[in-house]
Amino acid sequence: MHGLRNIYRAWGESRRAASGDVKLGVVGEAGAAERIARAIGAGRSGRGAGIVISVDGDGGVTVSGPAVEGERKLSLSGLSGETVRQELVPHVVRAVDEEHLVSLGRSYPAFRRAVCEEVVRKNARQNAVVGALPIPGADMPVMTANQARMVLMIAAAHGEELSLERARELAGVLAAGVGLRTLARQAVKLVPVGGWAAAGTIGYAGTLAMGRAAILYFERGKRELSERERDEIWRRAKREAEEISARLRRR
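Undergrad: Please explain the overall build of the protein as it appears in this structure.
TA: When its secondary structure is counted, the protein shows 9 helices and 4 strands. Ordering the α and β elements of the protein from the N terminus gives α-β-α-β-β-β-α-α-α-α-α-α-α. For the protein, the proportion of its 251 residues judged to be buried stands at 47%. Partitioning the contacts of the protein with sequence separation of at least 6, the portion at a separation of at least 24 is 63%. Taken as a whole, the protein presents about 12400 Å² of accessible surface, with 52% of it coming from carbon and sulfur.

In structure tokens:
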């Protein structure tokens, strides 16, 4: 029952995040602005835009607006569509207020993957901290809520309706989280770091793996991942956890 309440709470939080709307506008030097707007699917006016991208002819970009945490500047190495997507898109995502992330990914497909990855990273970092708390059992409800919110936000960014039925469907996905937390406790004996620090790194890796699996699942139109794909996702996340453990050991 407690776990279901966590899912419902996460559903409410995710629904609020998905209910907003953000407009993206590109202004500045006509030729450069047109190429950037075309590459990311944005409008060519800053009027009413929550995110305004101002560009000069040399590839200098300023990101500002009501949905942005302060003014951010960037110099693009080029103006090809691929360069814009690789350099500008993640820069914009990191600049946007968290409350506007989901609506940005939902409204502008060019930003969707970067938005989802940012959501995963934020929740993984939170669960790393929670997993490291020296309070037995305190991690489970908070980590479950974080994982539920993460998966629901990824779903919303892909245009999925956030219904209570969708929240209930998460129960099976989140069951894996319990196994990851069990692994975290077992890892205390295996990772040569302080016990709670080890639990934190595995909490980070587990959330990272769950989030990346969810991104791939929704990108494919809700087609299940193969066992080989799940194993590869977990191996990548585990490597990152080991890197975190190594950094902790050097401190």
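Undergrad: Can you help me understand the packing of helix α2 (residues 30-40) against helix α3 (residues 81-95) in this one?
TA: Angle between the axes and distance between the axes: these two values describe a pair of packed helices. Taken N-terminus to C-terminus, the directions of α2 and α3 make an angle of 80°; their axes are 9 Å apart at the nearest point. It follows from the interaxial angle that α2 and α3 lie roughly perpendicular. Every residue of α3 that contacts α2 at I36, A39 and I40 is listed here: G81, V84, R85, L88 and V89. Its residues assigned to classes, the contact of α2 with α3 shows 6 nonpolar, 1 polar and 1 charged.

Undergrad: Would you mind showing me how to read the packing of aromatic side chains here?
TA: One pair of aromatic rings is described through two measures. These are the centre distance and the angle between the planes. Tallied over the entire structure, the rule returns 2 aromatic pairs. Ring geometry for Y108 and F111: centres 6.5 Å apart, planes at 80°, overall edge-to-face. Side by side, Y108 and F111 carry an identical accessibility label, which is buried. With a centroid separation of 5.0 Å and an interplanar angle of 80°, the aromatic rings of Y217 and F218 are classed as edge-to-face.

Undergrad: Can you walk me through α3 in this structure?
TA: In an α-helix, one turn spans 3.6 residues; hence positions three or four apart end up facing the same way. Along its 15 residues, α3 runs 20 Å from first to last C-alpha, staying within 8% of the 21 Å computed at 1.5 Å per residue. Burial in α3 covers these residues: T83, V84, L88, V89, H91, V92, V93 and A95.

Undergrad: What should I look at first to understand the environment of M143 in this one?
TA: Position of M143 among the secondary structure elements: in helix α6 (residues 139-157). M143 sits in the buried class, given a relative accessible area of 3%.

Undergrad: Sorry if this is basic, but what is going on with the sheet that holds strand β3 (residues 60-64) here?
TA: Within a beta sheet, neighbouring strands are joined by backbone hydrogen bonds and run either parallel or antiparallel to one another. Read across the sheet, 4 strands follow the order β1-β2-β3-β4 without closing on themselves; strand pairing throughout is mixed. The open sheet has two free edges, formed respectively by β1 (24-28) and β4 (72-75), since each of these has just one partner strand. For this sheet, the mean inter-axis angle between neighbouring strands, taken without regard to orientation, is 20°. Here strand β2 (residues 51-55) runs beside β3; their pairing, made up of 4 bridges, is antiparallel. Paired with V55 across the two strands is V61, which belongs to β3. Packing of α2 onto the sheet brings it into contact with β1, β2 and β3, and relative to β1 it is tilted by some 160°.

Undergrad: So what exactly am I meant to see when it comes to the pattern of salt bridges here?
TA: Pairing between side chains of opposite charge can happen when the charged atoms of each approach one another. Following the criterion strictly, the structure yields 12 salt bridges and no others. With its nearest N and O atoms 3.6 Å apart, the salt bridge here joins R85 to E82. On the criterion of helical spacing, the pair formed by R85 and E82 is a turn pair, its members being 3 residues apart in helix α3. On the basis of relative accessibility, which here comes to 38%, the residue R85 falls in the partly exposed class. The closest approach of N and O atoms between E232 and R235, which form a salt bridge, is 3.0 Å. Of this pair, E232 and R235 both sit in helix α9 (residues 227-250), 3 residues apart, roughly one helical turn.

Undergrad: Looking at this structure, how should I read the nonpolar core?
TA: If you look at the biggest cluster of nonpolar residues, it comprises 32 residues, and the most contacted ones within it are V26, I36, I40, I51, L104 and F111. Contributing elements (two or more residues each) for this core: β1, α2, β2, β3, α3, α4 (101-107) and α5 (109-131). Setting aside residues up to four positions removed in sequence, F111 forms contacts with L24, I40, V89, V92, V93 and L104. Residues V120, A157, Y204 and L225 belong to the second largest nonpolar core, which totals 26 residues.

Undergrad: Sorry, what's going on with α2 here?
TA: Those residues of α2 lying buried are A32, A33, I36, A37, A39 and I40. Viewed end-on, α2 has its buried residues packed into an arc of 160°, placing them on one side of the element. Near the N-terminus of α2, the side chain that reaches the backbone nitrogen of G31, with its oxygen 3.2 Å away, is that of E29. Looking one or two places after α2, you find G41, whose phi comes out positive at around 75°.

About the thresholds
Residues numbered from 1 in each chain as written. Predicted model: local features only at pLDDT ≥ 70, side-chain atom pairs only at ≥ 80, totals over all residues. Heavy atoms only, no water. Helix = DSSP H or I, 4+ residues; strand = E, 2+ residues; numbered from the N terminus. Buried < 20%, exposed > 50% of the residue type's maximum accessible area, 1.4 Å probe, protein only. Contact = heavy atoms within 4.5 Å. Areas by Shrake-Rupley, 256 points an atom, 1.4 Å probe, with all protein chains shown as cover. Axes fitted to C-alpha atoms, helices over the stretch in contact; angles between N-to-C directions. Parallel < 35°, antiparallel > 145°, perpendicular 65-115°, else oblique. Nonpolar A, V, L, I, M, F, W, Y, C, P; charged D, E, K, R; others polar. Phe/Tyr/Trp six-rings, centres within 6.5 Å; stacked < 30°, edge-to-face > 60°. Expected span 1.5 Å × (residues − 1). Pairing = 2+ DSSP bridges. Salt bridge = Lys/Arg side-chain N within 4 Å of Asp/Glu carboxyl O. Core = buried A, V, L, I, M, F, W, Y, C linked by side-chain atoms within 4.5 Å. Arc of directions from axis to C-beta. Polar contact = N/O pair within 3.5 Å; in protein donor to acceptor, adjacent residues only side chain to side chain.

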